[in-house]
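Residues per chain, in single letters:
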Amino acid sequence: MSTTLRKGWFNAVVIDLARQMRWTFLPPLMVYFAAGFSGLTAIVGTFFVKEYLDLSAAYLAGLAFWAGLPWALKMPLGHLVDIIWRWKWLLVYVGAGLIGLSVLIMYLLLTQTEMMTAIMPMAAWYIASYMLAPSGLVIQDVVADAMSVEAVPRIDTDGREIGVEESRALHTTMQTLGRFALILGTVAVASLNITMFSGIEAMDAEGKRQVYATIYLSALAIPLVSVSGVVLAGVQKWRARRGLIRSGLDPAEADTLFERPGEDTKPNPWYFIGGAGFVAVSLTVGLSEIAYGQEIIFAGSLTIVLLLMRQLVAVLPVAQARTLIGTALIVFIFRATPRPGDGYTWFSIDELGFDQQFLSILSLITSMLTLVGMVILRPLMANNSIVWIVVVLTVAGGVLSLPNIGLYYGVQEVTAALTGGVVDARFIAILDTAIESPLGQIAMIPMLAWIARNAPDDLKATFFAVMASFTNLALSAGSLLTKYLNQVFVVTREVTDPETGAVTTPADYSQLGFLLIVVTAITVAAPLLAVALVQRSRLRSVD
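Residues numbered from 1 in each chain as written. Predicted model: local features only at pLDDT ≥ 70, side-chain atom pairs only at ≥ 80, totals over all residues. Heavy atoms only, no water.

Colleague: Tell me about the overall build of the chain, and name the residues and values.
Modeller: Tallying secondary structure elements over the chain gives 25 helices and two strands in all. At a minimum sequence separation of 6, the contacts of the chain that also span at least 24 residues come to 82%. Of the roughly 24700 Å² that the chain leaves accessible, carbon and sulfur atoms contribute 66%. (Helix = DSSP H or I, 4+ residues; strand = E, 2+ residues; numbered from the N terminus. Contact = heavy atoms within 4.5 Å. Areas by Shrake-Rupley, 256 points an atom, 1.4 Å probe, with all protein chains shown as cover.)

Structural data, given as structure tokens:
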């Protein structure tokens, strides 16, 4: 590569990103960082379930479905944010309270076990904590999306209105940095986990319990970070307003520069009716324990979201509406693909010998390389269509599933023998993680930037919320598919009675290989088929 090309690449990837950074971006980035930092309890939660609870892989996949449903409530929450735009920061405090309560439950469950289990069974407490966390995160995420739009300045330092192209670049940068902050939170998580899990393999059960409790106690920093972001936003606005008044503007004129352009949002009751309908269906079906309850809730939620999307896109020009629908459909299928479930994690722990610290190292590698990949691939996202990006990610994801399949069938034994033990299971896992890391967070960035640029000023948060609800329902669909596949290909870990030490459920990984192959086939075929169908229809996306 010539010196000129290297300089051009460095300018496009690094210098331009730094040039577009604004201090007003920092408050929403802090809320996004807190969302990424919430993953601090993910690994410890996996081992808590494995060591303390007798829950099957299929049951956990079903629980993941329920945990994904609060994200469908982004619709009424997003519209509420548009309506109470000046006071939206209050919702961050509500979300912080729910997240803090979720973490506190798990901390007390580990440190005050007898007191907690006297009130409810341990599994019930775990489920309550598991559901509270996403409820708090979705509330904060809605506000962060609105803050990310507000953070992009409308005027430059000389008071001139920023042009369309510069505004487009700033919105893309803001959304990229939002994902960047999210992943940076996971970097902090992985780093802490590596330190906290150091030497845990030699600890007894009580020592591990203390480590788990310490991690949950540390997780109380999550709501503190997000609330700090809101406080910083208020300080920034106050200082900017004071500077404008000192420059000669009267207070009323200064206030108008901080107001959202356009008219105030007119409340649309259908968004709240839809949200209430979602809650009613979820509670009625969930509490009745009716057969296929999760499927009924998913179908009802999807119907409600589609009806609200129909109202939302009606305010867009026809060409933009079709582009948005086609793009959302492709992203939905891409995100709705199933995962292997917890069975593969159990296999990697029991059969491959991956302990807590090594899983934390993998998490750190994933996070660090995702950050690097997002920066390097930012020009790719800016210069190619969303459809092209989804196709590339789909093919890459299929190829990168092969090492996991190979590890199940023992490829590490062959590679280790040929390389003197260098290319063993852990080496393959690290290499696969290093290559795969940058891909997962990329698909949503162009779509978020498109909404930030093109949605009406008085419905920015509503657009973010409804489209996010639609694509997040895809994750619920993926959880359902994961549950079905785990019911067909049953994978069990060894469970022992904590009192007697007797094995109550034997380990059985015999069907895991078939599960991994089927998941990979669906993961590749479904998005490519969706792209082919959408691109041959009136919904064809070129943006």
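Colleague: Which residues make up the packing of helix α2 (residues 26-37) against helix α8 (residues 122-151), and what values go with them?
Modeller: It is at 8 Å that the axes of α2 and α8 come closest, and there the two elements cross at 155°. On the basis of their axis angle, the class for α2 and α8 is roughly antiparallel. Here α2 runs over α8; the crossing is left-handed. Residues P27, P28, V31, Y32 and A35 of α2 form the contact with α8, whose participating residues are L137, Q140, D141, A144, D145, M147, S148 and A151. Broken down by class, the residue content of the contact of α2 with α8 amounts to nine nonpolar, two polar and two charged. (Axes fitted to C-alpha atoms, helices over the stretch in contact; angles between N-to-C directions. Parallel < 35°, antiparallel > 145°, perpendicular 65-115°, else oblique. Left-handed = near helix turned anticlockwise from the far one by under 90°. Nonpolar A, V, L, I, M, F, W, Y, C, P; charged D, E, K, R; others polar.)

Colleague: Describe the pattern of salt bridges, naming the residues involved and giving the relevant values.
Modeller: One pass over the structure, following the stated rule, counts one salt bridge. Of the charged contacts, one joins E295 and K483 as a salt bridge, the two residues approaching to 3.6 Å between their closest N and O atoms. With E295 in helix α14 (residues 293-313) and K483 in helix α24 (residues 460-488), this residue pair connects regions lying 188 residues apart in the sequence. Each member of the pair, E295 as well as K483, is classed as buried. (Salt bridge = Lys/Arg side-chain N within 4 Å of Asp/Glu carboxyl O. Buried < 20%, exposed > 50% of the residue type's maximum accessible area, 1.4 Å probe, protein only.)

Colleague: So what about the packing of helix α15 (residues 318-335) against helix α19 (residues 386-400)? Which residues, and what values?
Modeller: Their axes nearest at 10 Å, the elements α15 and α19 cross at an angle of 15°. The angle between the axes of α15 and α19 places the two elements in the roughly parallel class. In the crossing of α15 with α19, the sense of the turn from one axis to the other is left-handed. Counted together, T327, I330, V331 and F334 of α15 and I386, V387, V390, L393 and T394 of α19 form the full contact between these two elements. Broken down by class, the residue content of the contact of α15 with α19 amounts to seven nonpolar, two polar and no charged.

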